[in-house]
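What the coordinates show
Below, each chain spelled out in residue letters.
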Amino acid sequence: MVLKSVLIALTLLGSFSVYAEEDFTHYAFANYLGSGIYQTSGQNATVVNIPISFELYNNDTDSLTLRTPISLGFFNFKWSDLPDGDLPSSVGTMTITPGLEYRLRTSEDHEFQAYIDLGYGTNFTSGTHVAIYSAGVSSLLDLELRQSAPVWVNRLFFAGYASFDGSQSETYSALQSGIDIGTNMHWRWDWLGVDVEPRVFATGYWYFDKLRFATPFGEDVLVSNSLEVGATLAFSKPILWDWMGIDRLGLSVRAGDGVKVWRLIFEFPI
């Protein structure tokens, strides 16, 4: 099944009530697509994900974590407005997707991950509510390349939603593969007792069903694959508060089949 829309019509929904009868329920997948400015057909939509997690169990080989990320979508707002002191006047959409993540260290250089989520989303403009569900598995392999500590990541996941009134339900699934690589030891530094390392990454996405980025004006954009490249600062331990889990800070760009995404990164980027 094609995904009807993904974070593109947020701005338009806040401005043109004539389209209110058709709910673009793309916001349900905000947590899985990431923070960023999503741009296509001359339109922008801004989404911010707030990572929140609590460690339930941890030993030398495996761990269990409760994740409760919150995703916010803003109407008529771009990050470029921030230097001028302009802040969003209202939140257009919100999702919260609590779930469990299990990690198993199968060897010194390999980790297996699995997660399952069940969450809730609301569109404050249209007044609609959806149930959100997702699951996935991942393989992370540590490679050897001088002192750069590359990590090769492969993920397989799906996500879906169903509106509370039963009128809409959709799913999408994807395969993701990429590599995250560090810099030479000479580029690292200490910041308030936290080791900071610049890292770069590249990752590709292949969608089993084409993603449809829907816009009220013009033709929809179908995406079958995309490529993302970016850079982050990796912290040896979470900054700010442990429950937010911010261990990365960076910026990336993702493009494919006419869609461009500028992403702000707060966690491991792949």
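The structure we're discussing is the one just above.
The rules behind the values
Residues numbered from 1 in each chain as written. Predicted model: local features only at pLDDT ≥ 70, side-chain atom pairs only at ≥ 80, totals over all residues. Heavy atoms only, no water. Helix = DSSP H or I, 4+ residues; strand = E, 2+ residues; numbered from the N terminus. Buried < 20%, exposed > 50% of the residue type's maximum accessible area, 1.4 Å probe, protein only. Contact = heavy atoms within 4.5 Å. Areas by Shrake-Rupley, 256 points an atom, 1.4 Å probe, with all protein chains shown as cover. Phe/Tyr/Trp six-rings, centres within 6.5 Å; stacked < 30°, edge-to-face > 60°. Lys NZ or Arg CZ within 6 Å of the ring centre and 35° of its normal. Pairing = 2+ DSSP bridges. Polar contact = N/O pair within 3.5 Å; in protein donor to acceptor, adjacent residues only side chain to side chain.

1. Side note on the overall build of the chain
The helix and strand inventory of the chain stands at two helices and 16 strands. Across the 270 residues in the chain, those meeting the buried criterion constitute 47%. Intrachain contacts of the chain at a sequence separation of at least 6 include 58% that bridge at least 24 residues. Working note: accessible area of the chain is about 13,200 Å², and carbon and sulfur atoms make up 61% of it.

2. Points about the packing of aromatic side chains
Under the criterion given, the structure shown has six aromatic pairs. Judged by centre distance (5.6 Å) and plane angle (65°), the rings of Phe 29 and Tyr 161 are edge-to-face. Of this pair, Phe 29 sits in the loop between helix H1 (10-15) and helix H2 (30-33) while Tyr 161 sits in strand E10 (residues 151-163), and the two are 132 residues apart along the sequence. Both rings, one in Phe 29 and one in Tyr 172, keep their centres 5.0 Å apart while their planes meet at 90°; by these two values the pair is edge-to-face. Remark: Tyr 172 occurs in strand E11 (residues 169-182) and Phe 29 occurs in the loop between H1 and H2; sequence separation between them is 143 residues. For the pair formed by Phe 29 and Tyr 172, the shared burial category is buried. An aromatic cluster is present here, built from Phe 29, Phe 157, Tyr 161, Tyr 172 and Tyr 207 joined pairwise through their rings. One cation-aromatic arrangement involves Arg 67 over Tyr 115; the distance from NZ or CZ to the ring centre is 5.0 Å. Positioned above the aromatic ring of Tyr 205 is the side chain of Arg 254, whose terminal nitrogen or guanidinium carbon lies 4.3 Å from the ring centre.

3. Overview of the pairing of E10
One face of the sheet, then the other: side chains in a regular strand alternate in exactly this way. Bridging between strand E9 (residues 128-142) and E10 involves 13 bridges; their strand directions are antiparallel. Residue pairing across strands places Gly 136 opposite Phe 157, the latter belonging to E10. Looking at chain direction, E10 and E11 are connected through twelve bridges and run antiparallel. When the sheet's bridge partners are listed, Arg 155 is paired in E11 with Gln 176.

4. Overview of the side chain of Gln 176
Structurally, Gln 176 can be placed in strand E11. Overall, Gln 176 belongs to the buried group, its relative accessible area being 5%. For Gln 176, the residues in contact, after removing those within four places along its chain, are Val 153, Asn 154, Arg 155, Phe 157, Thr 203, Gly 204, Tyr 205 and Ile 270.

5. Quick notes on the side chain of Ser 71
Along the chain, Ser 71 turns up in strand E5 (residues 70-74). A distance of 3.5 Å separates a polar side-chain atom of Ser 71 from the backbone nitrogen of Asn 31. Residues in contact with Ser 71, not counting those within four places in the same chain, are Ala 30, Asn 31, Val 48, Asn 49, Thr 93, Met 94 and Thr 95.

6. A short note on the pairing of strand E8 (residues 110-123)
One ladder, built from four bridges, connects strand E6 (residues 91-96) with E8; its direction is antiparallel. Within the sheet, the bridge partner assigned to Thr 93 lies in E8 and is Asn 123. In this sheet, E8 lies alongside strand E7 (residues 99-107) in antiparallel orientation, the contact comprising eight bridges. Directly across from Ser 107, in E8, lies its bridge partner His 110. Counting the residues between successive antiparallel strands, the hairpin from E7 to E8 contains two residues. Relative to E9, E8 is paired through 14 bridges, and the arrangement is antiparallel. Bridging across to E9, Leu 118 finds its partner in Tyr 133. Hairpin geometry of E8 and E9 is characterised by an intervening segment of four residues between the two adjacent antiparallel strands and by a positive phi of about 75° at Gly 127.

These results come straight from atomic positions and should not be treated as a statement about function.
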